[in-house]
Amino acid sequence: MASSAAKHVDARNETQDKSPGLKRPRADDGNRGDDGKETENILSGFKTSNVLSDSAREKIIFIHGKIAEQDAVVVLEKTPFREENLEELFSGSKLRLEMTNDIYSTYRLQAPPHLNEIKTTVVFPATEKHVKKYQKQESFLVEETGEYYKSITLPYIQLQSFSLQWVYNILEGKAEAERVIYEDPDPVVGFVLLPDLKWDQKQVDDLYLIAIVHQRGIRSLRDLKSEHLPLLQNISKKGKEAVLERYNLPASKLRVYLHYQPSYYHLHIHFTKLGYEAPGCGVERAHLLSDVIQNLQCDPRYYQTRTLYFPVRADDGLLGKFKEAEKI
Ligand code: DD3
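Per-chain numbering applies: the sequence of each chain, read as written, is numbered from 1 onward. This being a predicted model, a pLDDT of at least 70 is required before a residue's local features are given, and a value of 80 or more before pairs of side-chain atoms are given or counted; all residues contribute to the totals for chains, interfaces and linings. As a convention, hydrogens and water are excluded, and side-chain values are obtained from all of the structure's heavy atoms.

1. Overview of the packing of helix H6 (residues 229–247) against helix H7 (residues 289–298)
Item 1. Running from N to C, H6 and H7 cross one another at 150°; their axes reach a closest spacing of 10 Å. By the angle between their directions, the pair H6 and H7 is classed as roughly antiparallel. Our pair here, H6 against H7, has a crossing hand that is left-handed. Facing Leu229, Leu232, Gln233, Ser236 and Lys240 of H6, the residues of H7 in contact are Leu289, Ser290, Val292, Ile293, Leu296 and Gln297.
Item 2. Residue polarity follows a fixed list, in which Ala, Val, Leu, Ile, Met, Phe, Trp, Tyr, Cys and Pro are nonpolar, Asp, Glu, Lys and Arg are charged, and the others, Gly among them, are polar. Each residue belonging to the contact of H6 with H7 can be placed in one class, and the counts come to six nonpolar, four polar and one charged. To obtain each axis, a line is fitted to C-alpha atoms, and for helices this fit is confined to the stretch in contact; angles are then taken between N-to-C directions over 0 to 180 degrees. Helix numbers and strand numbers start at the N terminus; a helix is a DSSP run of H or I with at least 4 residues, a strand a run of E with at least 2. Comment on the angle field: the value is read as roughly parallel under 35 degrees, roughly antiparallel over 145, roughly perpendicular from 65 to 115, and oblique elsewhere. Take the far helix as the reference: if the near one is turned anticlockwise from it by less than a right angle, the crossing is left-handed, and if turned clockwise, right-handed. Every residue pair with non-hydrogen atoms within 4.5 Å of one another is taken to be in contact.

2. Considering a nonpolar patch on the surface
Item 1. Taken together, Leu86, Phe90, Leu95, Leu97, Tyr107 and Leu109 make up a surface patch of nonpolar side chains, about 610 Å² in accessible area.
Item 2. Contributions of two or more residues to the nonpolar patch are made by helix H2 (86–91), strand E4 (94–101) and strand E5 (104–110).
Item 3. With respect to the helices and strands, Tyr107 occurs in strand E5.
Item 4. A relative accessible area of 43% means that Tyr107 is categorised as partly exposed. Patch building starts from residues that exceed 30% relative accessible area and form no salt bridge, then joins like charges within 9 Å and nonpolar side chains (Val, Leu, Ile, Met, Phe, Trp, Tyr) within 5 Å. Each accessible area is a Shrake-Rupley estimate made with a 1.4 Å probe; only the visible protein chains count as cover when residues are assessed. Throughout this description, the term salt bridge denotes a Lys or Arg side-chain nitrogen within 4 Å of a carboxyl oxygen of Asp or Glu. Throughout this description, buried means an accessible area under 20% of the type-specific maximum (1.4 Å probe, protein chains only), exposed means over 50%, and partly exposed covers the range between.

3. Structural notes on the site of the ligand
Item 1. Close to the ligand lie 14 residues, the nearest being Tyr134, Glu176, Pro195, Asp196 and Leu197.
Item 2. Each polar contact in these results corresponds to two N or O atoms within 3.5 Å; when the atoms are within protein, one needs to be able to donate a hydrogen and the other to accept it, and residues that are neighboring in sequence are counted only if both atoms are side-chain atoms. In the environment of the ligand, a nitrogen atom lies 2.7 Å from a nitrogen or oxygen atom belonging to the side chain of Glu176.
Item 3. Backbone polar atom of Leu197 to a nitrogen atom of the ligand: 3.1 Å apart, as the coordinates give it.
Item 4. The biggest single contributor to the shell around the ligand is helix H3 (residues 128–134), with three residues. Only a single heavy atom is needed: when it lies within 4 Å of a molecule or strand, its residue is near that molecule or strand.

4. Quick look at the sheet that holds strand E9 (residues 191–195)
Item 1. Two strands qualify as a pair provided DSSP detects at least 2 bridges between them. Taking strand neighbours across the sheet as the criterion, the six strands line up as E8-E9-E10-E12-E11-E13 in an open arrangement whose pairing is antiparallel. The sheet is open, and its two borders are formed by strand E8 (182–184) and strand E13 (286–288), each paired with just one other strand. Neighbouring strand axes in the sheet, compared pairwise and without regard to direction, differ in orientation by 30° on average.
Item 2. As defined by bridge partners, strand E10 (residues 208–213) adjoins strand E12 (residues 268–273) across five bridges and the pair is classed as antiparallel. Residue Ile210 lies in a different strand from E12, and its bridge partner there is His270.
Item 3. H6 rests against E8, E9, E10, strand E11 (254–259) and E12 of the sheet, and its axis sits at about 40° to E9.
Item 4. Running at roughly 65° to E13, H7 makes contact with E11, E12 and E13 of the sheet.

5. Structural notes on H7
Item 1. Buried within H7 we find Leu289, Val292, Ile293, Asn295 and Leu296. Viewed along the axis of H7, the buried residues span an arc of 165°, placing them on a single side of the element.
Item 2. Packing partners of the buried residues in H7 comprise H6, E11, E12, E13 and helix H8 (302–305). Think of the arc as the fan of directions from the helix axis to the C-beta atoms.

6. Let's talk about unusual backbone geometry
One can expect most non-glycine residues to show negative phi and most peptide bonds to be in trans.
Item 1. In this model, Phe124 is joined to Pro125 through a cis peptide bond whose omega is -5°.
Item 2. Among the secondary structure elements, Pro125 is positioned in the loop between strand E6 (118–123) and H3.
Item 3. Here the bond from Tyr260 into Gln261 is cis, since omega is -10°, no more than 30 degrees from zero.
Item 4. Relative to the assigned elements, Gln261 resides in the loop between E11 and E12.
Item 5. Although it is not a glycine, Glu69 adopts a positive phi angle of roughly 75°.
Item 6. Its place among the elements puts Glu69 in the loop between strand E2 (60–67) and strand E3 (70–78).
Item 7. For Glu69, a relative accessible area of 74% corresponds to the exposed category.
Item 8. Backbone geometry at Glu176 places phi at a positive 60°, although glycine is not the residue there.
Item 9. Structurally, Glu176 is set in the loop between helix H5 (165–171) and E8.

Below, the structure written as structure tokens:
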């Protein structure tokens, strides 16, 4: 067990808060204990319409269906093994023999239910956009000059009605408050750092945090100017300090970056563990925060003038707009 102690995320470690902004879960925290709250099963009445996508390798499936006549998207994902559970897994499971040949044999191990949980994400009620987002699609690389951003992309995203309610809930402490790792409340350079929905926080190997800025109205990388340097530098410095303090991970183990295009148009920064191939960390979408800072130091209008490249899915309306303008 001792060897796995550092690997396992122990949110209730004994270290004292060094920074006033650092938040720790309390003992009465009902939202992120090892067991979590047992809740009414809203999925008992889930009727599957179709599988949107799946991956045998990633052991994940995205399902579209209905709950009480309304659209829902459910994501089921098998989670990584945890070293600290191995002993119980070996001693407390049933084994069924599949085949045996010489020194080789395969089995089906039937683990006790609490060691065989499935990470489940529910979007309900889901809009058509949610359903589309998870449908497997081919993508195409768009070459977006500063001019095309202004004439094609910006008008397109302004017409979309992406709800940012969940972001404002986090910033206002109305949701996920007990999950917050660190907050700098400053209205200009402040931000909230917390685990992304994609991370179950059971092991640091797939650490995934997001820093959401308090300032509203910064849509994406394209809106960043040198005036935002203090904000970006603050997130870089304090975000990394908070990750070191909470997870004992130094900055040299972190990939800190922005997405372009982002999946929601309120500025946020991704913190993922180096070595974990997080979705969207490839060169066609990720921009390292350190590069962004340096580019803005060299040229205050870098992100208004440079051509940026990003993948768009075949069914994305934005691809249609670039095609109409014969830019692709
Ligand atoms: C989202 C991008 C957005 C479906 C899904 C996720 N981290 C979130 C609500 C709360 C969150 C996130 C949109 C939505 Cl599965 C549609 O992500 C969130 N809370 N990424 C956290 N901590």
